[in-house]
Structure formats: structure tokens, C-alpha cells
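This is what each chain is made of:
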Amino acid sequence: VNDLKQARRQFQELVERHNNKKSRYDKLANKLVNDNNKMESECSRLEALWLEKERNYHMLLALDEMVSSKLDTVTMEDTWRSGEESFLPDFACLKDFYESKITQQQGLSIELRKQRSSLSETEASSSYQKVMFSNLKELLHLKLKSGCEAVSDDVVVFDDMSYNTQ
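Note that the coordinates shown come from a computational prediction; the quantities given were computed from them, not determined experimentally.

Visitor: An account of the overall build of the chain is requested, with residue identities and associated values reported.
Guide: Within the chain, the regular secondary structure consists of two helices and three strands. The linear arrangement of helices and strands in the chain, starting from the amino end, is α-α-β-β-β. Counting the 166 residues in the chain, one finds 5% classified as buried. Excluding contacts between residues fewer than 6 apart, the proportion of contacts in the chain whose partners are at least 24 apart in sequence is 4%. Approximately 15,000 Å² of the chain is accessible, and the part contributed by carbon and sulfur atoms is 57%.

The following block contains the structure:
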């Protein structure tokens, strides 16, 4: 009986030690999971920040290249306007070139408007003339068919002569 009491006491001590260690383990595991979740959220936040900064960097780099290109164009235009160099043999600078192109396009636009108005004015008489011509062609075709010896789709024989109707 004493051995049994002593075995029970040892068992109780072992259970108590086990429960204490298990409690410490659970607390530590929960702390580690919480710390891990905090680190993951911090990593996600930092990654989003990094992506935004990288996007801004590339946008600023592209804007810088555009501004540099425009600055180079302005510098070259100043050089061309001062007469040190010329843009093209026919044009001293970009301004002259663009003014020439604008004038050319305006002239083409005016010419096209004139052609359009001319076509719209003559369209009515042209369509009447087309209708009259197709009626005349049909009338001649029917006249040939009425006095002919043999008729096919393309050839009409009339008074020992053949005519192509197409």
C-alpha cells in the first residue's frame, strides 16, 4: 500500500510537471504564431511599399527621359534658329518645317472640300445620266432580241451579223 501511495504521488508529480511543461509550450507556441503573423503582415506592408516606390521610380525615370528629350529638342531648335546649323536644307528650324506642313495640310483640306462640293453638285445629274444609260442599254438589248434569229446570253445574231451584247 505504501508503494502504491508513493507511486501515486510520483504519478501526480509527473502529471503536474507534464501539465506545467505543456502550459509553457502552449504559451510559447501561441507567442511564436503571433510573432510570425506580425512579421508576415510587416513583410506584406514592406513589399507593398517597395512595389509602390519601384513604380514611382520607373515613372520618374520615364518622365526624366521625356524632359531630357524635350530639352535636347529645344536646345537644337535654339541652335537652328540662331543660324549656327540648319534643320534641313529647305528649313532652317523645326518651326519653319511644322508651319510648312500645316500650310500644306490646310491647302489639301481646302482642295478636298472643293472636290467634295463639286462632286455633290454634279452627283444628281450623274445619277440621272447613269439611269438613262442603263435604260437605253436595256432598250437596245430588247430591240436586238425581238428581231434576231438566235439569241444566247452574250451573242445575238441579227440579219446574218452577230453582235456581242456585253
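Visitor: Before we move on, can you summarise the packing of aromatic side chains with the specific residues and values?
Guide: Applying the stated criterion to the full structure yields four aromatic pairs. Note on F91 and F97: the rings are 5.3 Å apart at their centroids and 80 degrees apart in plane angle, and the pair reads as edge-to-face. Through a chain of ring-to-ring contacts, three or more aromatic side chains come together here, namely W80, F87, F91, F97 and Y98.

Visitor: A description of helix α1 (residues 2-82) should follow, citing residues and the corresponding values.
Guide: In a regular helix each residue adds 1.5 Å, so 81 residues correspond to 120 Å; α1 covers 117 Å between its end C-alpha atoms and thus fits that length. Taken together, the buried positions of α1 are occupied by E77, T79 and W80.

Visitor: Now, about the confidence of the model for the chain: what can you tell me, with residues and values included?
Guide: Taken residue by residue, the chain gives an average pLDDT of 87. The fraction at 70 or more is 87%. Summarising per-element confidence for the chain, the mean pLDDT is lowest in strand β1 (residues 150-151) (50) and highest in α1 (95).

Visitor: Explain the pattern of salt bridges residue by residue, including any values.
Guide: Applying the stated criterion across every chain, the model contains three salt bridges. A salt bridge links K31 to D35, with the shortest nitrogen-to-oxygen separation between them at 3.5 Å. Here D35 and K31 lie together in helix α1, a separation of four residues that amounts to about one turn. The salt bridge involving R81 is made with E77; its shortest N-O contact spans 3.0 Å. With R81 and E77 both in helix α1 and four residues apart, this pair spans about one turn of that helix.

Visitor: An account of a nonpolar patch on the surface is needed here, citing residue identities and associated values.
Guide: There is a patch of nonpolar side chains on the surface, built from M59, L60, L63 and M66 and spanning about 390 Å² of accessible area. Position of L63 among the secondary structure elements: in helix α1.

Visitor: Run through the side chain of T79, naming residues and quoting values.
Guide: Looking at the secondary structure, you find T79 in helix α1. Relative accessible area serves as the criterion here: at 16%, T79 is assigned to the buried category.

Visitor: Help me get a handle on the side chain of E77, residues and values and all.
Guide: Look at E77 and you get buried, because its relative accessible area is 9%. Among all residues touching E77, those that are not within four sequence positions of it are C93, L94 and K95.

Cut-offs used in this document
Residues numbered from 1 in each chain as written. Predicted model: local features only at pLDDT ≥ 70, side-chain atom pairs only at ≥ 80, totals over all residues. Heavy atoms only, no water. Helix = DSSP H or I, 4+ residues; strand = E, 2+ residues; numbered from the N terminus. Buried < 20%, exposed > 50% of the residue type's maximum accessible area, 1.4 Å probe, protein only. Contact = heavy atoms within 4.5 Å. Areas by Shrake-Rupley, 256 points an atom, 1.4 Å probe, with all protein chains shown as cover. Phe/Tyr/Trp six-rings, centres within 6.5 Å; stacked < 30°, edge-to-face > 60°. Expected span 1.5 Å × (residues − 1). pLDDT = per-residue confidence, 0-100. Salt bridge = Lys/Arg side-chain N within 4 Å of Asp/Glu carboxyl O. Patch = residues over 30% accessible without salt bridge, like charges linked within 9 Å, V, L, I, M, F, W, Y side chains within 5 Å.

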